[in-house]
Amino acid sequence: MDKLTTHFDLIILGASGFTGKYVVREALKFLNAPSSPLKIIALAGRNPQKLSQTLEWASHPHPPPPVPILAADTADPPSLRRLAAQTRLVLNCVGPFRLHGEPVVAACAESGCDYLDICGEPEFMERMEAAYHEAAAKSGSLVISACGFDSVPAELGLMFNSRQWSSPSVPNRVEAYLSLESEKRVVGNFGTFESAVLGVANAEKLMELRRSRPRRARPVIPGPSPPKGPIIEHQKKIGLWAVKLPSADAIVVRRTLATLTENPHGLPGVDESAEQVKKRETFWSTVNPAHFVVKIASKSIFSIFGFITVGMFIGLLGRFAVGRWLLLKFPSVFSLGGFRKKGPTEDEVRSASFKMWFVGNGFSNSAFVAQGNKKPDMEIITRVMGPEIGYLTTPIILIQCALILLRQRDNLPKGGVLTPGIVFGPTDLQERLQENGISFDVISKSALSA
Ligand SMILES: NC(=O)c1ccc[n+]([C@@H]2O[C@H](COP(=O)([O-])OP(=O)(O)OC[C@H]3O[C@@H](n4cnc5c(N)ncnc54)[C@H](OP(=O)(O)O)[C@@H]3O)[C@@H](O)[C@H]2O)c1
């Protein structure tokens, strides 16, 4: 496909969805703004009337700008091929991705246009990598899933923590504690709940896929593997109770670290300057791999019991068709009010925020590891903080990834199905997020008592 025939800078597919409409609102902030690469965009989906209403909602209180509305249905591959032929980039907000995502990835990988999505479903991401990496690398299509709250704060947050360990100190493990805060209720839309429920149903398929694929390289991490620890943890340093969160974050981070282990200087850009090569190599030389887990955390232990109860409902009922029917019929009941068919109100979205604490443990001197002094003796705590996760932070991240892609394409890999961390790690994504309300801070560096 001749890329010069493309027309749009980007097309937002699934713009009429709950998340899609917030993505449109974020994109409009940069449309034709001074020095923005976003000059002409389109919205796409299966219902033109809903898409027009989205545009009006997202432009309010201003009149809607002249943004074309295109017909596309994930059940109609030719409509997706037409889309991919008209644009440099597709932003896919149609989920659950395991039901709708593959034809969109296929169309982009075939045509050579770039693709970003807000998927948080590991099975979909790994299946796309297995099926389309080669085609995308060949056609020059960058296909990057998880460019939302899942999993960019985890990817950049881990890198930010690991880069604070200046030689001779080295990290061994980083545990991320996610705390969701609000003066009102913290609520998610049904779309995310449905994706999580279907994720449980597909867990076995993911295991099968992994068994059928060659093993990825494992990073060399100084020191022993972290101990298992209790199911419910009281993390005194940050004053939070926590339990492991089975999100996609740690899996995406592991894939980034595998690619980094296979390519210690990162992935070369398609047309990089010598200066850029040096910048990229210097960046990756400062990233220290570490064991990584994500936990959901709260000041109240009762909230942790609530998270465990919801996890058990989804984990147990999600395995059976009848159970899935029940979960999807009564999302509010089985999520204890955490998800709603109609999603959160605008007020609830505005009131919510997140803090993600990264507690890194490691060695003040890497030589201690070889000497057999195997207990971490140093701790670095960092924090990523921002607005509501699903409908404010996710659109900010997705749009900033898109702007980097449009502005700095020469510095990014030619193509392939890749993770956000390996592609955007060495770019200015962290600075851009900071400029848009998502902060990265070092909280403390301290010695641990033996
Ligand atoms: N990464 C993150 O942190 C994050 C954050 C938020 C959301 N998400 C994910 O984003 C996805 C969407 O969530 P949501 O709450 O926005 O869901 P939603 O409100 O149900 O929106 C789904 C969108 O997909 C469209 N769609 C459905 N079937 C289609 C088809 N056959 N062809 C074309 N378009 C189709 C819908 O169009 P109609 O309007 O025509 O129905 C709608 O625009 C979920 O997978 C969710 O997990 C991820």
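Calculation criteria
Residues numbered from 1 in each chain as written. Predicted model: local features only at pLDDT ≥ 70, side-chain atom pairs only at ≥ 80, totals over all residues. Helix = DSSP H or I, 4+ residues; strand = E, 2+ residues; numbered from the N terminus. Rg over C-alpha atoms; globule rule 2.2 N^0.38 Å. Buried ≥ 20, exposed ≤ 12 C-beta atoms within 10 Å, placed from the backbone. Contact = placed C-beta atoms within 7 Å. Core = buried A, V, L, I, M, F, W, Y, C linked by C-beta atoms within 7 Å. Domains from an automatic or database assignment. Pairing = 2+ DSSP bridges. Axes fitted to C-alpha atoms, helices over the stretch in contact; angles between N-to-C directions. Arc of directions from axis to C-beta. Near = placed C-beta within 6 Å. Nonpolar A, V, L, I, M, F, W, Y, C, P; charged D, E, K, R; others polar.

Draft legend 1. Here's a closer look at the overall build of the chain. Broken down by element type, the chain carries 18 helices and 16 strands. Here the C-alpha atoms of the chain give a radius of gyration of 21 Å, agreeing with the 22 Å that 2.2 N^0.38 yields for 450 residues. If you line up the chain on its principal axes, its C-alpha atoms span 65 × 55 × 45 Å. The buried share of the chain, reckoned over its 450 residues, is 48%. A separation threshold of at least 6 residues defines the contact pool for the chain, and within that pool the share at least 24 residues apart is 81%.

Draft legend 2. Spatial organisation of the nonpolar core. One finds Ile-12, Leu-13, Val-90, Leu-91 and Val-143 to be the most contacted residues of the largest nonpolar core, which totals 117 residues. Per-element accounting of this core gives the leading share, 10 residues, to helix α16 (residues 389-407). Each of domain 1 (3-145) and domain 2 (152-387 + 432-447) accounts for three or more of the residues forming this core. Those residues within four positions of Leu-91 in sequence are excluded, and the remaining contacts are Leu-10, Ile-12, Leu-13, Val-23, Leu-116, Leu-398 and Ala-402.

Draft legend 3. Geometry of the sheet that holds strand β5 (residues 114-117). With parallel pairing, the 7 strands of this open sheet are ordered in space as β3-β2-β1-β4-β5-β6-β15. What marks the edges here is a single partner per strand, and that holds for β3 (69-71) and β15 (416-418). Neighbour-to-neighbour, the strand axes of this sheet turn through a mean angle of 20°, independent of strand direction. Examined bridge by bridge, β5 and strand β6 (residues 142-144) share 2 bridges and lie parallel to one another. Bridging from a neighbouring strand, Tyr-115 pairs with Val-143 of β6. Of the strands in this sheet, β1 (10-13), β4 (89-92), β5 and β6 are in contact with helix α4 (residues 97-111), which crosses β5 at around 160°.

Draft legend 4. Just helix α3 (residues 77-85), in detail. Buried within α3 are the following residues: Leu-80, Leu-83 and Ala-84. Projected down its long axis, α3 shows its buried positions confined to an angular sector of 95°, all on one face. The elements touched by buried residues of α3 are β1, β2 (41-45), β3, β4 and α4.

Draft legend 5. Spatial organisation of the site of the ligand. Around the ligand lies a shell of 30 residues, among which Gly-17, Thr-19, Gly-95, Gly-148 and Gly-191 are the nearest. Broken down by secondary-structure element, the contributors of at least two residues to the shell around the ligand are α1 (18-30), α4, α7 (190-201) and α16. Looking at the shell around the ligand residue by residue, the classes come out as 8 nonpolar, 18 polar and 4 charged. When we break the shell around the ligand down by domain, the ones giving at least three residues each are domain 1 (3-145) and domain 2 (152-387 + 432-447).

Draft legend 6. Molecular detail of unusual backbone geometry. Going from Asp-150 to Ser-151, the amide bond is cis rather than trans, its omega being 10°. Within the secondary structure layout, Ser-151 lies in the loop between β6 and α6 (152-162). Cis geometry is found at the peptide bond from Ser-167 to Pro-168, where omega equals 10°. Here Pro-168 shows up in the loop between α6 and β7 (170-181). With a phi close to 60°, Asn-32 is a non-glycine residue in the positive phi region. Since 11 C-beta atoms lie within 10 Å of it, Asn-32 is described here as exposed. You will see that Ser-35, though not glycine, has its phi angle at about 60°, which is positive. As for its placement among the helices and strands, Ser-35 is situated in the loop between α1 and β2.

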